[in-house]
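Geometric and topological summary
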Amino acid sequence: MKLIDKDLLQKIYQEIANNDKTTEVSLAEKYYCSERTIRRYIKILKDNKYITMEGTGTKRKWIILK
């Protein structure tokens, strides 16, 4: 099992807080990691009730809970 990079987790959270329409692809390109890694970190944030997603397709956006 891989260790969690808390710095990257914080950066992803801040990026979502600043831009509620950001995507996994754009985050992966910005932080030079795979899209799968970004999705894993987003799942951690969702499981801990920090963020949630509203809508689908082009109308989706992130909602900050904490």
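Details of the structure are given in the entry above.
Residues numbered from 1 in each chain as written. Predicted model: local features only at pLDDT ≥ 70, side-chain atom pairs only at ≥ 80, totals over all residues. Heavy atoms only, no water.

1. Section: the packing of aromatic side chains
- Applying the stated criterion across every chain, the model contains one aromatic pair.
- Taking 5.9 Å as the distance between ring centres and 80 degrees as the angle between the ring planes, the aromatic pair formed by Tyr 13 and Tyr 50 counts as edge-to-face. You can see Tyr 13 sitting in helix H1 (residues 6-18) and its partner Tyr 50 sitting in the loop between helix H3 (35-47) and strand E1 (51-54), a full 37 residues away along the chain.
- Its relative accessible area of 16% is what places Tyr 13 among the buried residues.
- Residue Tyr 50 is classed as partly exposed on the basis of its relative accessible area, which comes to 34%. (Phe/Tyr/Trp six-rings, centres within 6.5 Å; stacked < 30°, edge-to-face > 60°. Helix = DSSP H or I, 4+ residues; strand = E, 2+ residues; numbered from the N terminus. Buried < 20%, exposed > 50% of the residue type's maximum accessible area, 1.4 Å probe, protein only.)

2. As for H1
- An ideal rise of 1.5 Å per residue puts 18 Å on 13 residues; H1 measures up with 18 Å between its terminal C-alpha atoms.
- Looking at H1, one finds that the buried residues are Leu 8, Leu 9, Ile 12, Tyr 13, Glu 15 and Ile 16. Take H1 and look down its axis: the buried residues cluster within an arc of 160 degrees, on one side only. Pointing more than 90 degrees away from the buried face of H1 are the exposed residues Lys 6 and Asn 18. (Expected span 1.5 Å × (residues − 1). Arc of directions from axis to C-beta.)

3. Observations concerning the pairing of strand E2 (residues 61-64)
- Both E1 and E2 contribute to a ladder of four bridges, which runs antiparallel. From the neighbouring strand, Thr 52 faces E2, where its bridge partner is Ile 63. (Pairing = 2+ DSSP bridges.)

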